[in-house]
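Here is how the chains run, residue by residue.
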Amino acid sequence: NVFIQLKKVEIIVAMIMTQKIIRVIDDLKLSGYSIIQNVIGRGVHGTCDAQEVTDVLSNNCILVLCTQEEAQKLLQEIAPILEKYGGICYMSDVQKLKLH
């Protein structure tokens, strides 16, 4: 099989909270992450498109690929941050292409 089963954790937070989430990822010694900046959209709190005002109010999406165990630890650590400062988190099953 050329694919590895992993979890993908997607964390959408205000730009000013991004470094706090990255510190958690680093503290857990996860292998890495990707950041998509200036995420816009609409949800239960209305439309989020702060780019017109300032980048400080914009949202980032932090993507982390990890094992189930690592994902559970990450979710446990970031849940209080999201509850206090706002944000949203998704987790899904993914298959990563195993490169030689």
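For clarity, every value in this text was computed on a predicted model and none was experimentally measured.

Caption draft 1: Quick look at the packing of helix α1 (residues 18-27) against helix α2 (residues 68-85). Relative orientation of the contacting elements α1 and α2 amounts to 165°, with a least axis distance of 10 Å. Overall, the two elements α1 and α2 adopt an arrangement that is roughly antiparallel. As α1 runs across α2, the sense of the crossing is right-handed. Residues Lys20, Ile21, Val24 and Ile25 of α1 form the contact with α2, whose own contacting residues are Leu74, Glu77, Ile78, Ile81 and Tyr85. Tallied by class, the residues present in the contact of α1 with α2 amount to seven nonpolar, no polar and two charged.

Caption draft 2: Seen up close, a nonpolar patch on the surface. A cluster of nonpolar side chains, Val2, Phe3, Leu97 and Leu99, forms an exposed patch at the surface whose accessible area comes to about 390 Å². Within the secondary structure, Val2 sits in the segment before β1 (3-14).

Caption draft 3: Quick peek at the pattern of salt bridges. The full count for this structure, using the stated rule, is three salt bridges. Between Glu10 and Lys8 there is a salt bridge, with the nearest N and O atoms lying 3.6 Å from each other. What makes Lys8 partly exposed here is its relative accessible area of 26%.

So, how was this worked out
Residues numbered from 1 in each chain as written. Predicted model: local features only at pLDDT ≥ 70, side-chain atom pairs only at ≥ 80, totals over all residues. Heavy atoms only, no water. Axes fitted to C-alpha atoms, helices over the stretch in contact; angles between N-to-C directions. Helix = DSSP H or I, 4+ residues; strand = E, 2+ residues; numbered from the N terminus. Parallel < 35°, antiparallel > 145°, perpendicular 65-115°, else oblique. Left-handed = near helix turned anticlockwise from the far one by under 90°. Contact = heavy atoms within 4.5 Å. Nonpolar A, V, L, I, M, F, W, Y, C, P; charged D, E, K, R; others polar. Patch = residues over 30% accessible without salt bridge, like charges linked within 9 Å, V, L, I, M, F, W, Y side chains within 5 Å. Areas by Shrake-Rupley, 256 points an atom, 1.4 Å probe, with all protein chains shown as cover. Salt bridge = Lys/Arg side-chain N within 4 Å of Asp/Glu carboxyl O. Buried < 20%, exposed > 50% of the residue type's maximum accessible area, 1.4 Å probe, protein only.

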